[in-house]
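Given next are the chains, with one letter for each unit.
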Amino acid sequence: MPVPLPVLLLGVTAVARLLGLVAVPALDSWHDAARVGAAAVYLLAASGRLIPRVRQDLERMVPPGLPRPDLLVAGTGVLELAGAAGLLVPATAPAAAICLGLLTLAMTPANISAARRGLLLGGKPATPVGRRLAEQALYLAALAAVVWLPL
């Protein structure tokens, strides 16, 4: 991944908020900046399903015993893409954030499983469990901001 997702989330959110303060009224709140930052994260995550090497790594992350890792990875990618698009539409952003939050929670066991099994992803060890959980909490916090911060 060219930019770590937590850095992308924080960076895009900060830039969106700055643009809202100086020039773009549609981004003139932390709520709107969080929508854009979270959308960037889930768009980039979904795009990984299009890169064969990344897709194969994601399929290996699926915990053993779950059927059709290829379909699970493709399905989560479609859901991430739809959720990211939903975040960019103010009327659908809260529902999209809730759905992405649930998806994030549902995918957390795969991340934990990958770390515990010592998988290599892109030639590097999977993110350690503690760090992964902190990252997941950051994504969930951004999605919660979309749901609960005033418009």
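Residues numbered from 1 in each chain as written. Predicted model: local features only at pLDDT ≥ 70, side-chain atom pairs only at ≥ 80, totals over all residues. Heavy atoms only, no water.

*Asks:* Pulling in residues and values, what's your account of the pattern of salt bridges?
*Replies:* In total, this model carries 7 salt bridges according to the counting rule given. For arginine 60, the salt bridge is made with aspartate 57, and the minimal N-O distance between the two is 2.6 Å. Here arginine 60 pairs with aspartate 57, and both are found in helix α3 (residues 52-61), just 3 residues apart, close to one helical turn. Arginine 60 sits in the partly exposed class, given a relative accessible area of 38%. The shortest N-O distance in the salt bridge between aspartate 70 and arginine 68 comes to 2.8 Å. Exposure remark for arginine 68: the relative accessible area of 49% places this residue in the partly exposed category. One salt-bridge network, in which partners are shared between bridges, spans Arg131, Arg132 and Glu135. (Salt bridge = Lys/Arg side-chain N within 4 Å of Asp/Glu carboxyl O. Helix = DSSP H or I, 4+ residues; strand = E, 2+ residues; numbered from the N terminus. Buried < 20%, exposed > 50% of the residue type's maximum accessible area, 1.4 Å probe, protein only.)

*Asks:* I'd like a rundown of the packing of aromatic side chains, residues and numbers included.
*Replies:* The geometry of an aromatic ring pair is captured by two quantities: the separation of the ring centres and the angle between the planes. Per the counting criterion, the structure on display carries 0 aromatic pairs. Above the ring of tryptophan 30, the side-chain terminus of arginine 17 is found at 5.5 Å from the ring centroid. (Phe/Tyr/Trp six-rings, centres within 6.5 Å; stacked < 30°, edge-to-face > 60°. Lys NZ or Arg CZ within 6 Å of the ring centre and 35° of its normal.)

*Asks:* So what's going on with the nonpolar core? Which residues, and what values?
*Replies:* Within the largest apolar cluster, 22 residues are counted, with the highest numbers of intra-cluster contacts made by Val41, Tyr42, Leu87, Leu100, Tyr139, Leu143 and Val146. When contributions to this core are tallied by element, the ones reaching two or more residues are α1 (5-22), α2 (30-47), α4 (69-87), α5 (93-116) and α6 (129-148). Those residues in contact with valine 146 that lie beyond four places of it in its chain are His31, Ala34, Arg35, Leu87, Ala93, Pro94 and Ala97. (Core = buried A, V, L, I, M, F, W, Y, C linked by side-chain atoms within 4.5 Å. Contact = heavy atoms within 4.5 Å.)

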